[in-house]
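Topology and contacts: notes
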Amino acid sequence: GTYIFTLEDETTIRQVETEKDYLEYTTHPDNYFEKRKSFYKETGNIKASSNILYSFLIGTSIKYNPDGSIYETRNWDEPYPFTWEMVVEKIKNEYGVDMVEKDRDMNMHPYKRLSRTTNPYPYYALIFLTKEGKSYMFSLSGINGIMLRKMNDQGVDEIVNDPPQPTSGKGKSWSIFD
């Protein structure tokens, strides 16, 4: 079954029972963060915890043994010397758009998207509209924050700067549902 409840501060907690686990998703209508946890069905002990921004993992995810001891951690921010917080600050300062805060009035910023990958090198991809309605789509280096590519006014993707050399930031897949 699925259970959904809302706290006084409008935080929504969705709990899902699966065949093997209990899953918990915590969100708030004012931002794009999500906390995810899974629990062992037999004991109720925590199995894993992760934090999500848009659709990518941030911070440190932790996996636990059935007895509650930690057996694996992974810092998702490690391959990115230019952090997601720095990206958020850069966009806020240069374009006046807060990439983390959701606008309840969707007429202000009807579309924002931030993603990141380490393939073939660490970078962020951004899409957003300013309050004036100007559309931006570009990528920033996860190493130093310089713009790598942008979509020009004619909708053509152009290289702005050469990317930094690939790093060893690639890793195995990781899921709280393992």
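Residues numbered from 1 in each chain as written. Predicted model: local features only at pLDDT ≥ 70, side-chain atom pairs only at ≥ 80, totals over all residues. Heavy atoms only, no water.

**Re the packing of aromatic side chains**
Tallied over the entire structure, the rule returns nine aromatic pairs. Ring geometry for Tyr 121 and Tyr 123: centres 5.4 Å apart, planes at 50°, overall tilted. Take Tyr 121: its relative accessible area is 13%, and that puts it in the buried class. A relative accessible area of 23% places Tyr 123 in the partly exposed class. A network of ring pairs unites the aromatic residues Tyr 95, Phe 128, Tyr 136 and Phe 138 as a single cluster. The ring of Tyr 22 carries the charged tip of Lys 41 above its face, separated from the ring centre by 5.8 Å. (Phe/Tyr/Trp six-rings, centres within 6.5 Å; stacked < 30°, edge-to-face > 60°. Buried < 20%, exposed > 50% of the residue type's maximum accessible area, 1.4 Å probe, protein only. Lys NZ or Arg CZ within 6 Å of the ring centre and 35° of its normal.)

**Things to note about the pattern of salt bridges**
Counted by the stated rule, this structure contains six salt bridges. The closest approach of N and O atoms between Arg 36 and Glu 34, which form a salt bridge, is 2.4 Å. (Salt bridge = Lys/Arg side-chain N within 4 Å of Asp/Glu carboxyl O.)

**Let's talk about helix α1 (residues 84-95)**
With 12 residues, α1 extends 16 Å from end C-alpha to end C-alpha; this agrees with the ideal 16 Å at 1.5 Å per step. Those residues of α1 that fall on the buried side of the exposure criterion are Trp 84, Val 87, Val 88 and Ile 91. One face of α1 carries all of its buried residues, which in axial projection span an arc of 100°. As for α1, its buried residues are in contact with β4 (33-40), β5 (46-53), β6 (56-64), β8 (112-117), β9 (123-129) and β10 (135-141). Of the residues trailing α1, Gly 96 is marked for its positive phi of about 75°. (Helix = DSSP H or I, 4+ residues; strand = E, 2+ residues; numbered from the N terminus. Expected span 1.5 Å × (residues − 1). Arc of directions from axis to C-beta. Contact = heavy atoms within 4.5 Å.)

**Remarks on the confidence of the model for the chain**
Of all residues in the chain, 86% have pLDDT values of 70 or greater, and the mean over the chain is 85. Taken together, the stretch residues 169-178 has pLDDT below 50 and engages in 27 contacts with residues farther than four places along the chain or on a different chain. (pLDDT = per-residue confidence, 0-100.)

**Remarks on the sheet that holds strand β12 (residues 157-159)**
Backbone-to-backbone hydrogen bonds pair the strands of a sheet. The strands run either parallel or antiparallel. Across the sheet, which stays open at both edges, the five strands sit in the order β8-β9-β10-β11-β12 with antiparallel pairing between neighbours. What marks the edges here is a single partner per strand, and that holds for β8 and β12. For this sheet the average axis-to-axis angle between neighbouring strands, irrespective of direction, equals 15°. Pairing between β8 and β9: six bridges, direction antiparallel. (Pairing = 2+ DSSP bridges. Axes fitted to C-alpha atoms, helices over the stretch in contact; angles between N-to-C directions.)

**Description of the pairing of strand β7 (residues 70-75)**
Along any regular strand the residues' side chains alternate between the sheet's two faces. Sheet topology places β6 next to β7; five bridges connect them, and they run antiparallel. Residue pairing for β7: Lys 63 is matched across the bridge by Glu 72. Once β6 ends, the chain turns through five residues before running back antiparallel as β7, passing Gly 68 with a positive phi of about 95°.

**Overview of the environment of Asp 9**
Within the fold, Asp 9 resides in the loop between β1 (2-6) and β2 (12-17). Residue classification places Asp 9 among the partly exposed residues on the basis of a relative accessible area of 46%. Along the primary structure Asp 9 and Pro 29 are separated by 20 residues, whereas in three dimensions their C-alpha atoms are 9.7 Å apart.

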